[in-house]
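Below are the chains, spelled out letter by letter.
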Amino acid sequence: MNLRIIKKLLAYFLISRVFFILFTLIASFYIPLRDGYIGKQVAPDAPYLVWVWANFDGRHYIDIAVKGYENTNFAFFPLYPVLISLVGYIIPVAHIYIGIFLSLVFFFLAIYYIYKITKIDYGEKVATLAVAACNFVPFSFFYHSVYTDSLFLFLSVAPFYCARKGNWWVSGIF
């Protein structure tokens, strides 16, 4: 893959993430905040534009990464919290930042493989359109939240690409 394509994917990725952050900032002035399952409970020192991406289930994933399974959080799959915890041992920052970072990394890897697999059948123009749609569809804000969505997308697309290229072992590992 050449550098031009990586730059194009990175541009879509960054522009879409900035778009969602700006939308979140604007929404904070019009939609009142309700207490409940908010990310501020796991990272009280983090600014609003950080903990807002760990609401609801994100809070549970961070709790599992920090404390392990307890009480009623057994409904959540372990891979994502384990990755957050492992990176937390290596890099001593708040787990909420690690969760957001991992989601962003897995989302970028997912759009990379979406581009590659779409280009095989439909060409560069359709592959670029697929990546743009994936970045800007309204629910794609989940892909930089502390949720498993970006990891799931990556682990769903990458094996199909590897299988398509005949890399059966790598596909099976994914």
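Keep in mind it's a predicted model, so treat the numbers as computed, not measured.

### Thoughts on helix α3 (residues 57-67)
Inference 1: With 8 of 11 residues buried, α3 lies mostly within the body of the structure.
Inference 2: Every buried residue of α3 is listed here: Gly58, Arg59, His60, Tyr61, Ile62, Asp63, Ile64 and Ala65.
Inference 3: Summarising the contacts, the buried residues of α3 are in contact with α4 (79-90) and α5 (95-122).
Inference 4: One or two positions beyond α3, positive phi appears at Gly68, with a value near 90 degrees.

### Let's talk about the environment of Trp169
Inference 1: Residue position: Trp169 is located in helix α8 (residues 168-173).
Inference 2: With a relative accessible area of 75%, Trp169 lands in the exposed category.

### A word on the nonpolar core
Across soluble globular proteins, nonpolar side chains have a tendency to be buried as a group.
Inference 1: Core analysis: the biggest nonpolar cluster contains 43 residues, and Ile96, Val146 and Leu153 have the highest contact counts within it.
Inference 2: Every element with two or more residues in this core is listed here: α1 (3-30), α2 (48-51), α3, α4, α5, α6 (124-136) and α7 (149-164).
Inference 3: With 13 residues, α5 is the single largest residue contributor to this core.

### Describing unusual backbone geometry
Inference 1: In this structure, Phe56 is a non-glycine residue whose phi angle is positive, near 55 degrees.
Inference 2: The residue Phe56 is located in the loop between α2 and α3 in this model.

### A word on the packing of aromatic side chains
Inference 1: Applying the stated rule across the entire model yields 18 aromatic pairs.
Inference 2: Plain terms: the ring middles of Phe19 and Phe23 are 6.4 Å apart, the flat faces sit at 20 degrees to each other, and that makes the pair stacked. Taken together, the positions of Phe19 and Phe23, both in helix α1 and 4 residues apart, correspond to about one turn of that helix.
Inference 3: Ring centres of Phe107 and Tyr143 lie 4.6 Å apart, and the angle between their planes is 10 degrees; this geometry places the pair in the stacked category. In this pair, Phe107 is assigned in helix α5 and Tyr143 in the loop between α6 and α7, connecting sequence segments 36 residues apart. Just as Phe107 is buried, Tyr143 falls in that class too.

Conventions used here
Residues numbered from 1 in each chain as written. Predicted model: local features only at pLDDT ≥ 70, side-chain atom pairs only at ≥ 80, totals over all residues. Heavy atoms only, no water. Buried < 20%, exposed > 50% of the residue type's maximum accessible area, 1.4 Å probe, protein only. Helix = DSSP H or I, 4+ residues; strand = E, 2+ residues; numbered from the N terminus. Contact = heavy atoms within 4.5 Å. Core = buried A, V, L, I, M, F, W, Y, C linked by side-chain atoms within 4.5 Å. Phe/Tyr/Trp six-rings, centres within 6.5 Å; stacked < 30°, edge-to-face > 60°.

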